[in-house]
Amino acid sequence: MHRKNVPNKIMSVLILGFVVFLSGCFLPKSESQKQESHQANAANQSATVLERMAEIYSTVEDKMADNDFSTAMAGVLAGSGVTYAPAVLTNDTLRKKIELINLFKQAVKQYSLYGDENYASKSEDFTLAAQSANNCMKEINDTASVTYTRDLTKYLQASRYEVSKVMYTMIQALNAIWKSDVAKWNSALNSSFADFQRELAAVDENAFSEEKLQKYVYQPYNGKQSLVAAYKMNLVKERYDGLRTFIRKEDNISSALYYLECAYSEFNKKNVDMDLINNYLERIDVILQEKASETSN
């Protein structure tokens, strides 16, 4: 009798194990799993924001050069003595900022792997990436990020450190550098735009060909004076629209960086609020979608 019951007991154990397995598949994620998921999401969004930043750093020099040229051209036509003196072809500072962004991408990629159980033995990869980014920031030597680079050096030299604290400090440093650069760019762009308007307004109407103006002015105006005035207004609007689009892209990146900093700050706390982090990440997602829409347009 005892032997005959053995198969039944084995079957019962197998069924029980299968039921436990199925129930485990449908259990809600633990807080640890949620945090790992949010960290991976934050890292992915960070990578996208970094891509957008690289685009701005790669194009801002061209934007400045175009503005300088059109302003100088208006000045020459106005006879104000303005000369065209383009900047050097290579800007080491901008090139270094793009290098920094690429190093940040590597650090973010390593950070995203911390939720992977197989990654535990490879934590030195994040350390090396973070150290490389920090060393690059030291070379840039932007006063806005000096405090953060000092803190990062101290954290990374310790025998043990909290990854979230390092990531949060890195984002703070990058955000500080970005804010400093945006302020400088916008000041230069606004000043150049004001110069352009002043020089263009001073250009005499005799500097324009009425016949050629008719090809560029689509409004139904007659007379050279009206055509010249309309053409000048169109030039100003074209320049203004280009600057507004550029600055809107800057603003979107600034907003995304702000929410990234908030998210990483929350990761760095002892009691992490997952709902708050999720809210920050959702806001970033909306901003990134807006950028994608702008790019497609």
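Everything numeric in this text was worked out from a predicted model, so none of it was measured. (Residues numbered from 1 in each chain as written. Predicted model: local features only at pLDDT ≥ 70, side-chain atom pairs only at ≥ 80, totals over all residues. Heavy atoms only, no water.)

### Points about the overall build of the chain
1) Next: Tallying secondary structure elements over the chain gives nine helices and zero strands in all.
2) Next: Walking the chain from its N terminus toward its C terminus, one meets helices and strands in the order α-α-α-α-α-α-α-α-α.
3) Next: Expressed as a percentage of the 297 residues in the chain, the buried residues total 35%.
4) Next: Considering only contacts in the chain between residues 6 or more positions apart, those separated by 24 or more positions represent 75%.
5) Next: Summing over all exposed atoms, the chain offers an accessible surface of approximately 17900 Å²; the carbon and sulfur share of this is 52%. (Helix = DSSP H or I, 4+ residues; strand = E, 2+ residues; numbered from the N terminus. Buried < 20%, exposed > 50% of the residue type's maximum accessible area, 1.4 Å probe, protein only. Contact = heavy atoms within 4.5 Å. Areas by Shrake-Rupley, 256 points an atom, 1.4 Å probe, with all protein chains shown as cover.)

### What about unusual backbone geometry?
1) Next: Of note in this structure, N141 is not a glycine but carries a positive phi near 60°.
2) Next: The residue N141 is located in the loop between α4 (124-140) and α5 (146-157) in this model.

### Quick look at the packing of aromatic side chains
1) Next: Scanning the entire structure with this criterion turns up 11 aromatic pairs.
2) Next: When the ring of F193 is compared with that of Y240, the centres are 6.3 Å apart and the planes differ by 35°; the resulting orientation is tilted. Linking F193 in helix α6 (residues 163-201) with Y240 in helix α8 (residues 224-267), this pair joins segments that are 47 residues apart in sequence.
3) Next: Under the relative-accessibility criterion, F193 is labelled buried at 11%. (Phe/Tyr/Trp six-rings, centres within 6.5 Å; stacked < 30°, edge-to-face > 60°.)

### Observations regarding the side chain of D142
1) Next: With respect to the element layout, D142 can be found in the loop between α4 and α5.
2) Next: One buried charged side chain, D142, makes no salt bridge at all; its nearest oppositely charged neighbour is K97, positioned 4.3 Å away.
3) Next: A distance of 2.8 Å separates a polar side-chain atom of D142 from the backbone nitrogen of A144.
4) Next: Beyond its immediate stretch of four places on either side in the chain, D142 contacts K97, M137, I177, S180 and D181. (Lys, Arg positive; Asp, Glu negative; His and termini not counted. Salt bridge = Lys/Arg side-chain N within 4 Å of Asp/Glu carboxyl O. Polar contact = N/O pair within 3.5 Å; in protein donor to acceptor, adjacent residues only side chain to side chain.)

### A closer look at the nonpolar core
1) Next: Ranked by internal contacts, the top residues of the largest apolar core, which has 58 residues, are M53, L100, W178 and Y264.
2) Next: Elements with a contribution of two residues or more to this core: α2 (31-78), α3 (92-112), α4, α5, α6, α8 and α9 (274-296).
3) Next: The dominant element in this core, judged by the number of residues it contributes, is α6, at 14 residues.
4) Next: Those residues within four positions of M53 in sequence are excluded, and the remaining contacts are I101, L174, W178, I253 and L257. (Core = buried A, V, L, I, M, F, W, Y, C linked by side-chain atoms within 4.5 Å.)

### A few points about the confidence of the model for the chain
1) Next: On average, residues of the chain score 84 in pLDDT, and 82% of them are at 70 or above.
2) Next: With pLDDT under 50 throughout, residues 16-28 is counted as low confidence; its partners more than four residues away or in other chains account for zero contacts. (pLDDT = per-residue confidence, 0-100.)

### Observations regarding the packing of α6 against α8
How two helices pack is summed up by the angle between their axes together with the distance between the axes.
1) Next: It is the contact of α6 with α8, at a shortest axis distance of 10 Å, that shows an interaxial angle of 170°. Here α6 lies roughly antiparallel to α8, going by the angle between them. Here α6 runs over α8; the crossing is left-handed.
2) Next: In terms of residue class, the contact of α6 with α8 is made up of 23 nonpolar, eight polar and four charged. (Axes fitted to C-alpha atoms, helices over the stretch in contact; angles between N-to-C directions. Parallel < 35°, antiparallel > 145°, perpendicular 65-115°, else oblique. Left-handed = near helix turned anticlockwise from the far one by under 90°. Nonpolar A, V, L, I, M, F, W, Y, C, P; charged D, E, K, R; others polar.)

### Details of the pattern of salt bridges
1) Next: Taken as a whole and assessed by the stated rule, the structure comprises 10 salt bridges.
2) Next: Taking the shortest distance from any N to any O, the salt bridge between E99 and K96 comes out at 3.2 Å. Residue E99 and its partner K96 are both found in helix α3; the two are separated by three residues, about one turn of the helix.
3) Next: Two residues, D241 and R244, come together in a salt bridge whose shortest N-O distance is 3.4 Å. Of this pair, D241 and R244 both sit in helix α8, three residues apart, which is roughly one turn of that helix.
4) Next: Judged by its relative accessible area of 22%, D241 falls in the partly exposed class.

### Details of the packing of α5 against α6
1) Next: Put simply, α5 and α6 touch, their axes get as near as 9 Å, and they point 160° apart. The orientation of α5 relative to α6 falls into the category roughly antiparallel. α6 is crossed by α5, and the crossing has left-handed handedness. Along the contact surface, α5 presents Y148, D151, L152, Y155 and L156, while α6 presents K165, V166, T169, M170, Q172, A173 and A176.
2) Next: Its residues assigned to classes, the contact of α5 with α6 comprises eight nonpolar, two polar and two charged.

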